[in-house]
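What the coordinates show
These are the residues of each chain, in order.
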There are 2 protein chains.
Amino acid sequence: MKQITVYDIAHEARVSVATVSRVLNGTAPVKASTRERVLAVINKHQFQPNALARSLIKKESGMIGMIMPDIGNPFFPEVFLGAEKEARARGYAIFLCNTMGAQEKESEYLALLQEKRVDGIIFLGGRINQVRSKAELAQELADCAARLPMVLVNGNMPRVSLSRVVTDEAAGFRLVAQHLIDLGHRELRFIGGERSITATVQKVQALKAVMEENGLPFGPDTVLYGGFSIGSGRELMRKVLALEKRPTAVMCVNDNVAVGAVKAALEAGVQIPGELSITGFDDTLLASSITPELTTVSQNSHALGEQAVQILHQMVSGEKVRKLTVLEPRLICRQSTGSVTVVGKVRD
Amino acid sequence: MKQITVYDIAHEARVSVATVSRVLNGTAPVKASTRERVLAVINKHQFQPNALARSLIKKESGMIGMIMPDIGNPFFPEVFLGAEKEARARGYAIFLCNTMGAQEKESEYLALLQEKRVDGIIFLGGRINQVRSKAELAQELADCAARLPMVLVNGNMPRVSLSRVVTDEAAGFRLVAQHLIDLGHRELRFIGGERSITATVQKVQALKAVMEENGLPFGPDTVLYGGFSIGSGRELMRKVLALEKRPTAVMCVNDNVAVGAVKAALEAGVQIPGELSITGFDDTLLASSITPELTTVSQNSHALGEQAVQILHQMVSGEKVRKLTVLEPRLICRQSTGSVTVVGKVRD
DNA sequence: TTGAAAGCGCTAACAG
DNA sequence: CTGTTAGCGCTTTCAA
């Protein structure tokens, strides 16, 4: 079925294509009567200008690419939602590219998005969370960023200077750690995450700092690495419960791990927060879904996406942009943490 | 910064643009030595052909639009994931369009996607789940579908004949209902959903049928409508618990509502499944995250997205496609349901 | 206020 | 096997 073009409209309205274009875009004055005539024909045929042709000439596609590791993890849909809202307001549509953190998928999508001439790319996860990334991956990102606007969310690529929007995860972690200490906890454990992931490293360091400030010993066994999923949380908690000296509080690298940890604890008949306090991180949907509801840290994921699009848009518009935007996290106190002293009494 | 074009490549490789195009697409034989020379120049400049220009002439954009109500609801990311995987394999990228079920957003996106000349649209939620939709909304969908391939997922638009991929939700609901009855439950209640939403209606009818088959009375008070969120689940469960005659099993319209229901029950000190069995629907991430884990119905959300893309692709390829693809749901038995007789004993 | 015509970057006949 | 050339559908000078 043949698509209608500006020529068809022009012909039927007895004007030139230039005039049709003018009424479409309002780029130049058109006599009212002419405009009406053109508009009538446009409506009659439900004409929709071909954005591809327009983009080709304008060198703006109105498309943004968003590369993220896992839309199945509730944190990321929230970032997407924030980004989309802002994008819609500025007339962009978003390509959602899911990589599962696989670097070859990231590369594929990076290439695909460039070919599609998106106006900019928002990048999350994968290589930008790695403590050390291969030089070629960094180079690839740098090359891409040299061709089009790119902003990194909650990550960084050392030696490549890119605009970033990040949550101050260390600050967030200090918040929960201090919260637990204030509740009287002295035996803290950190579970989940990976040594090779910067976010994990930042959290561990924050915990170390807070513990030392409070005169608590931070040893190598304070941390139990092991992933980011519910399954790993469960597994890690089992290990913790098997320890001869159980902690009174377990801090999880994220909500997923915390959910697994809570399950394992509950299965073992451990009272939360009676015998054990557990904390999450991210304040995803999960945190408030389980019982007891998780004390956690809100990253303000929505704002993360929103800011990213704003910055992208500024870059597209040739404005000068801030290289680093830091969002402050917020402690969300719920039911999974409690005072340690009361607990002792209750138990014995 | 000027983008490199086929002309630049052609010039530097001392061939014509046609030849460059040929090596790019493999559409015609090119002498090996020539190809090498062209390829070398391409690599040297990291040339990436402009997909907009290509799409303009080929009348294929390699883009798919996916319109859905809420990516924040864990069911939808799963559908997306299935769709994306299939789309990637066929070289498509996906525009994710989130509508929150708002009809004007659906309309906006429908128009936007058409302008962008996506190769097809996958539509979920909103108007296609309405028992009655305004004629103009139906017309809009029909018009859009007349211009490009469209497939509806888990929905329908009466009087508009479109390809659909759906879960047999009624069959799924029969599964859980029968499961509960087999466990000895006689007092069943349905909570959540809306009268105006087809999926709810189908479930209620399925429940009615199963109950009647089993000689159980289905009355108007068997159903408590009230939404699809965790919050509404909580609220509805509170109402159920306040009933003078409490049911032994509560069936929820989806996992979200079930999560809220479980929370409310737990808060009220009700044992699950000891005193009360609760079921969900969809088998989202939430179902297996909470304690007790939910008995629910898997929609095979992944396959839903996968099939939708496959059908879209067939339509693009001009193949004949099945109008209706029905996926069979699966009962997932977990911890939130239990035998009713045992319960009685335990309680008294 | 309007029209003619030159591209945007690519592909696809059609010749050679 | 390769080059020339005519568009794809739109925007945008430049003239009128």
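What you see is a predicted model; the values in this text were computed from it and never measured. (Residues numbered from 1 in each chain as written. Chains lettered and ligands numbered in written order. Predicted model: local features only at pLDDT ≥ 70, side-chain atom pairs only at ≥ 80, totals over all residues. Heavy atoms only, no water.)

For chain A, the average pLDDT comes to 95, and 97% of its residues sit at 70 or higher. Across residues 342-348 of chain A, where pLDDT falls below 50, the model places 4 contacts with residues more than four positions away in sequence or in other chains. (pLDDT = per-residue confidence, 0-100. Contact = heavy atoms within 4.5 Å.)

Neighbouring residues of DNA strand D: 28 residues in total, closest Val6(A), Arg54(A), Arg22(B), Lys31(B) and Thr34(B). Sugar and phosphate atoms constitute 62% of the interface atoms of DNA strand D, taking the interface as everything within 4 Å of the protein. In the environment of DNA strand D, a phosphate oxygen lies 2.4 Å from a nitrogen or oxygen atom belonging to the backbone of Val6(A). Within the contact set of DNA strand D, a phosphate oxygen lies 2.7 Å away from a backbone nitrogen or oxygen of Lys31(B). Broken down by secondary-structure element, the contributors of at least two residues to the surface near DNA strand D are helix 1 (6-13), helix 2 (17-25) and helix 4 (51-58) of chain A together with helix 2 (17-25) and helix 4 (51-58) of chain B. (Near = heavy atom within 4 Å. Polar contact = N/O pair within 3.5 Å; in protein donor to acceptor, adjacent residues only side chain to side chain. Helix = DSSP H or I, 4+ residues; strand = E, 2+ residues; numbered from the N terminus.)

On to the relation of the copies chain B and chain A. The transform that puts chain B on chain A rotates by 180° and translates by 0.0 Å along the axis, for an RMSD of 0.0 Å. This pairing of chains is accounted for by a two-fold axis. Distance from the rotation axis, computed per C-alpha, reaches its smallest value in chain B at Phe95(B): 2.2 Å. Comparing contact sets, 100% of the residues at the interface of chain B also lie at the interface in chain A, consistent with an isologous, same-surface contact. (Least-squares fit on C-alpha atoms with pLDDT ≥ 70 in both.)

Think of interface size as the accessible area that goes away when the parts come together; that is how it is often given. Facing the 53 residues of chain B at the interface are 53 residues of chain A. Both faces considered, chain B and chain A share a buried interface measuring about 5100 Å² in area, 55% of it formed by carbon and sulfur atoms. For the interface between chain B and chain A, the tally reads 6 salt bridges. Counting across the interface, chain B meets chain A through 28 residue pairs in polar contact (both at pLDDT 80 or more). Those elements that provide at least two residues to the side of chain B that touches chain A are helix 4, helix 5 (75-89), strand 2 (93-98), helix 6 (103-115), helix 7 (135-147), helix 10 (230-242), helix 11 (255-267) and helix 12 (285-289) of chain B. Looking at the side of chain B that touches chain A residue by residue, the classes come out as 27 nonpolar, 14 polar and 12 charged. (Buried area = accessible area lost by both parts, 1.4 Å probe. Salt bridge = Lys/Arg side-chain N within 4 Å of Asp/Glu carboxyl O. Nonpolar A, V, L, I, M, F, W, Y, C, P; charged D, E, K, R; others polar.)

Here we come to the side chain of Ser298(B). Residue and element names in this part refer to chain B. Within the secondary structure, serine 298 is located in strand 10 (residues 296-298). Given the relative accessible area of 9%, serine 298 is considered buried. From its side chain, serine 298 meets the backbone nitrogen of asparagine 300 in a polar contact 3.2 Å long. Filtering out sequence-adjacent residues up to four positions away, serine 298 remains in contact with Asp282, Asp283, Pro329, Arg330 and Ile332. (Buried < 20%, exposed > 50% of the residue type's maximum accessible area, 1.4 Å probe, protein only.)

The next point concerns the pattern of salt bridges. Taken as a whole, this structure holds 29 salt bridges over all chains when the rule is applied. Note that Glu106(A) and Arg127(A) form a salt bridge whose closest N and O atoms lie 2.6 Å from each other. Taken as a pair, Glu106(A) in helix 6 (residues 103-115) and Arg127(A) in the loop between strand 3 (120-124) and helix 7 (135-147) lie far apart in primary sequence, 21 residues in all. The pair Glu106(A) / Arg127(A) is uniform in exposure class, with both members buried. The closest approach of N and O atoms between Glu187(B) and Lys245(B), which form a salt bridge, is 3.3 Å. Within this pair, whereas Glu187(B) is found in the loop between helix 8 (169-182) and strand 6 (188-191), its partner Lys245(B) is found in the loop between helix 10 and strand 8 (249-252), the two being separated by 58 residues in sequence. We classify Glu187(B) as partly exposed; its relative accessible area is 29%.

As a further point, take the packing of aromatic side chains. Overall, the coordinates contain 7 aromatic pairs over all chains when judged by the stated rule. Residues Phe95(A) and Phe95(B) carry aromatic rings whose centres are separated by 4.1 Å and whose planes lie at 10° to one another, so their mutual orientation is stacked. Placement of Phe95(A) in strand 2 (residues 93-98) and of Phe95(B) in strand 2 is noted, with the two residues assigned to different chains. One exposure class covers both Phe95(A) and Phe95(B), and it is buried. Ring geometry for Phe173(A) against Phe190(A): centres 5.4 Å apart, planes inclined by 55°, an arrangement best described as tilted. In this pair, Phe173(A) is assigned in helix 8 (residues 169-182) and Phe190(A) in strand 6 (residues 188-191), connecting sequence segments 17 residues apart. On the accessibility criterion, Phe190(A) (0% relative accessible area) is buried. Cation over ring: Arg88(A) sits above Tyr109(B), and NZ or CZ is 5.0 Å from the ring centre. A cation over an aromatic ring shows up here: Lys203(A) above the ring of Phe281(A), its NZ or CZ 4.0 Å from the ring centre. (Phe/Tyr/Trp six-rings, centres within 6.5 Å; stacked < 30°, edge-to-face > 60°. Lys NZ or Arg CZ within 6 Å of the ring centre and 35° of its normal.)

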